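Descriptive structure summary
The chain contents come next:
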Amino acid sequence: MREEGVNHDRFTFPIVNRAVLLSVTADAKFAKIIHCVAVKMGFGFDLYFGNTMVDVYGKCWCFSDAYKVFEGMLERDVVSWTSVISGCVCEGNIAGAFSLFKKMRTEMEPNSVTLIVLLQGCSKLGSLIGGRQMHAYVMKGGLLVDGSVQNSVLRIYTSMGTVEEVETFSSEIRRRDIVSWNTLISYYSLRGDAEVAEVFSKMQDEVMVSTETLTLTISAFAKSGNLSQGEKLHCFAIKLGLYDDAFQTSLLDFYAKCGMLKNSVLLFKRISSRNTVTCSAMLSGYIQNGFYTEAIALFKEMQAACLHRRPEILGNIVNSCTHLGGLRVGKEIHGYSIRNVFQNHEKDGTYVELETSILNMYIRCGSISSARMCFNRMLVKDIVAWTSMIEGYGTHGRGFDALKLFDQMLEDGVTPNSVTFLSLLAACSHSGLVSEGCGVFHSMKWRFNIEPDLDHYTCMVDLLGRAGKLKEALAVILKMMAFPDSHIWGALLAASRVHEYGKIGEYAAQQLLKLEPDNVGYHTLLSNVQASTGRWAEVEEVRRVMCRKDLKKQPGWSYIEENGHIYCFVCGDKSHNQFCALMEELEVLARYQSYFELPEQLQPSKTC
């Protein structure tokens, strides 16, 4: 336009300012360029242009520039005041916004838009007192008849007020529109699905429901797992024809949370335009229901479709790799995160959480060296990261490294919590560090003022039991203040079996079977303790009880990762398509093993 010599008028620059605000990256640099050009061309004191400049500076988080333009305006109207108040709210300064509102009233009366800006600011910035004051002002000024003002006041009470305030104000609204009802449904969804169903039923007597209403309602039923109400709503939506992709995604999430994953998969296949949100919901559904292999496969489809993967999605898929032991896929996601997430995101909570998930993945997949490298590269280490690394050393039998890391954590000024001590005690237990573990338990209470709970006592019993100190372990159980549960008796029973302490083992088993009489694992453990001392008649009696109660152990299973694929094997299962080839290979390996085994007289002495 300028190159062709077309003259600008007073509407040109305001329109360009609107374009800046509507752009994906609203940048104050562009606004300043436009401001300079407009001033040079003589539009600097134009009221309409000045209002748009105040608005664009405020929404680009340059409130100081917005206020300078506002102060330099020769003429100001209600739009000028509303724009500068909005900029102050965007900056997060609710006190400054109220101060400007007070000055405004000395020059002119605000309109409904000004009030809505302030009310939304109170809701956004958590100022309940300011919201109540604005509510009183609106009532005195007779401006509560405006529907948007009513909804803004209602939003304040639903976000911060009491139930009584919400119900009182909502009953005072004569004509509740769709926004009012959606706000109420969103509020009651945090309290329970019964109230949501009641509000949804009342709503239909006054207004037509929208897809947003259905989405909010189905999300409430998903939180509580109310399958019957959700299915009714699904049928209702089909009858109304309100069945867009957003609502289908919410339905997908609902069925997954209710354990109806087949329905979720069917809905997912029917959605024509799948985006990041839809795929993320399906991926979360797979993970929630334990279908980790399918989750990884869907993630690879997302990669092939070039869909954006947010840190939350990456964290979920890393957790899937952790459950399945998929180290190769986990490394791929780690590499993707380094290239696309860690370089481009601020060090917020989501970023740190993703790094910790990757750290745990390496630990669970057996690569403790990679876990330590990941830990060392973390710029922000919170207590969860420190505790995870300590726990990792413990599960890998490196108790001394866990103790060294704990000392390093204290040197860095990080205060341990009860979970940290739980991980540290478990590390000492797995490494047989009895004196060190007792010292940790003592310092926990007397140095760090953390009262041990039942889990910490269970670790102490496990620590002493593994070291063969069964009497001391039993004394810990009998002297502690908390009521013992099945886990602590189970730890004592397991140690009794290893060290062949029959009497203590039977006593622990009796206590266990009182707490969980139908636990097949504890019956099996008791029979093994009795068998170790040659009491076969009692073993047979335990076995008869197990048969009478129809107690059966779940079959064990294992898995292996090969070329990025994870193969699962269940005990006694012959369904694998390469089962015959696997058995032939096992026979070959067995023959090799028997061929290379030395006679007993030629084997090296165990005392060497």
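Residues numbered from 1 in each chain as written. Predicted model: local features only at pLDDT ≥ 70, side-chain atom pairs only at ≥ 80, totals over all residues. Heavy atoms only, no water.

1. Some details on the overall build of the protein chain
Helix and strand content of the protein chain: 33 helices and 2 strands. Split into buried and exposed, the 608 residues of the protein chain put 44% on the buried side. (Helix = DSSP H or I, 4+ residues; strand = E, 2+ residues; numbered from the N terminus. Buried < 20%, exposed > 50% of the residue type's maximum accessible area, 1.4 Å probe, protein only.)

2. Some words on the packing of aromatic side chains
By convention here, two paired aromatic rings are described through the distance between centres and the angle between planes. With the rule as written, the count across this model stands at 15 aromatic pairs. Between Phe 70 and Trp 81, the ring centres sit 4.8 Å apart and the planes meet at 75 degrees, which makes this aromatic pair edge-to-face. Separated by 11 residues along the polypeptide, Phe 70 in helix α4 (residues 63-71) and Trp 81 in helix α5 (residues 78-90) bring together distant segments of the chain. Aromatic pair Trp 489 and Tyr 507: ring centres 5.6 Å apart, planes at 80 degrees, arrangement edge-to-face. Residue Trp 489 is found in helix α29 (residues 486-499), and its partner Tyr 507 is found in helix α30 (residues 502-515); the two are separated by 18 residues along the sequence. Note on Trp 489: relative accessible area 4%, which makes it buried. Clustering of aromatic rings is evident, with ring pairs tying together Phe 63, Tyr 67, Phe 70 and Trp 81. Here Arg 76 stacks its cationic end above the ring of Phe 70, 4.4 Å away from the centre of that ring. The residue whose ring lies beneath Lys 381 is Phe 375, and the NZ or CZ to ring-centre distance is 5.2 Å. (Phe/Tyr/Trp six-rings, centres within 6.5 Å; stacked < 30°, edge-to-face > 60°. Lys NZ or Arg CZ within 6 Å of the ring centre and 35° of its normal.)

3. Quick notes on unusual backbone geometry
Non-glycine residue Asn 449 carries a positive phi angle of around 55 degrees. Positionally, Asn 449 belongs in the loop between α26 (434-446) and α27 (454-466). In this structure Asn 449 comes out as exposed when scored by relative accessible area, which is 67%.

4. Things to note about the packing of helix α14 (residues 227-240) against helix α15 (residues 245-257)
Where α14 contacts α15, the axes come no closer than 11 Å and their chain directions differ by 160 degrees. What the angle tells us is that α14 and α15 run roughly antiparallel. Crossing of α14 against α15: the hand is left-handed. Residues Leu 227, Gly 230, Glu 231, His 234 and Ala 237 of α14 pack against Phe 247, Leu 251, Phe 254 and Tyr 255 of α15. Class assignment for the residues of the contact of α14 with α15 results in 6 nonpolar, 2 polar and 1 charged. (Axes fitted to C-alpha atoms, helices over the stretch in contact; angles between N-to-C directions. Parallel < 35°, antiparallel > 145°, perpendicular 65-115°, else oblique. Left-handed = near helix turned anticlockwise from the far one by under 90°. Contact = heavy atoms within 4.5 Å. Nonpolar A, V, L, I, M, F, W, Y, C, P; charged D, E, K, R; others polar.)

5. Thoughts on α15
Here α15 is 13 residues long and its end C-alpha atoms lie 18 Å apart, about the 18 Å a rise of 1.5 Å per residue gives. Turning to α15, its buried residues are Phe 247, Gln 248, Thr 249, Ser 250, Leu 251, Leu 252, Phe 254, Tyr 255 and Ala 256. Where α15 is buried, its residues touch α13 (211-224), α14, α16 (261-270) and α17 (276-288). Just downstream of α15, Gly 259 is the residue with a positive phi angle, here 85 degrees. (Expected span 1.5 Å × (residues − 1).)

6. Observations regarding the packing of α5 against helix α6 (residues 94-107)
Interhelical geometry of α5 versus α6 gives an angle of 170 degrees and a closest axis separation of 8 Å. For the element pair α5 / α6, the angle class is roughly antiparallel. On α6, the residues touching Val 78, Trp 81, Val 84, Ile 85, Cys 88 and Val 89 of α5 are Gly 96, Ala 97, Leu 100, Phe 101, Lys 103, Met 104 and Glu 107. For the contact of α5 with α6, the residue count by class is 10 nonpolar, 1 polar and 2 charged.

7. Description of the environment of Asp 177
Among the structural elements, Asp 177 can be located in the loop between α10 (163-172) and α11 (178-188). In sequence terms Asp 177 and Gly 147 are 30 residues apart; their C-alpha atoms lie 7.8 Å from each other. Residues within four places of Asp 177 in sequence aside, it is in contact with Asn 151 and Val 207. Among the polar contacts made by the side chain of Asp 177, one reaches the side chain of Asn 151 at a distance of 3.3 Å. Here Ser 180 takes part through its side chain, which lies 2.8 Å from a polar atom of the side chain of Asp 177. (Polar contact = N/O pair within 3.5 Å; in protein donor to acceptor, adjacent residues only side chain to side chain.)

8. Describing the nonpolar core
Among the nonpolar cores identified, the biggest contains 95 residues, and Leu 283 and Leu 492 are the most heavily contacted of them. Ignoring any residue separated from it by four or fewer positions in sequence, one finds Leu 492 in contact with Val 461, Leu 470, Ala 473, Leu 474, Ile 477, Ile 504 and Ala 508. Formed by 68 residues, the second largest nonpolar core is a distinct cluster that contains Met 134, Phe 200, Leu 214 and Phe 247. (Core = buried A, V, L, I, M, F, W, Y, C linked by side-chain atoms within 4.5 Å.)

9. Describing α30
For α30, which comprises 14 residues, the first-to-last C-alpha distance of 20 Å matches the rise-based estimate of 20 Å (1.5 Å per residue) to within 8%. Regarding α30, the residues found buried are Gly 502, Ile 504, Gly 505, Glu 506, Ala 508, Ala 509, Gln 511 and Leu 512.

10. Looking at a nonpolar patch on the surface
A contiguous nonpolar patch, built from Phe 11, Ile 15 and Tyr 48 and spanning about 290 Å² of accessible area, is present on the exposed surface. Topologically, Ile 15 is positioned in helix α1 (residues 12-22). The exposure class of Ile 15 is exposed, given its relative accessible area of 55%. (Patch = residues over 30% accessible without salt bridge, like charges linked within 9 Å, V, L, I, M, F, W, Y side chains within 5 Å. Areas by Shrake-Rupley, 256 points an atom, 1.4 Å probe, with all protein chains shown as cover. Salt bridge = Lys/Arg side-chain N within 4 Å of Asp/Glu carboxyl O.)

11. Focus: the side chain of Asp 65
Structurally, Asp 65 can be placed in helix α4. With near-sequence residues (within four places) excluded, Asp 65 lies in contact with Lys 32 and Tyr 57.

12. Here's the deal with the environment of Cys 60
Among the secondary structure elements, Cys 60 is positioned in the loop between α3 (47-59) and α4. Judged by relative accessible area, Cys 60 falls into the buried class, the value being 7%. In sequence terms Cys 60 and Glu 91 are 31 residues apart; their C-alpha atoms lie 9.5 Å from each other.

13. Some remarks on the confidence of the model for the protein chain
For the protein chain, the average pLDDT comes to 84, and 88% of its residues sit at 70 or higher. The low-confidence segment residues 601-608 (pLDDT under 50) makes 1 contact with residues lying over four places distant or belonging to another chain. (pLDDT = per-residue confidence, 0-100.)

14. Some thoughts on the pattern of salt bridges
Going through the model one piece at a time under the given rule, you end up with 12 salt bridges. A salt bridge links Glu 165 to Arg 132; its shortest N-O distance comes to 2.8 Å. Highlighted residues: Glu 165 in helix α10 and Arg 132 in helix α8 (residues 128-141), separated in sequence by 33 residues. Taken together, the salt bridges that share partners define one network made up of Glu 71, Arg 76 and Glu 107.

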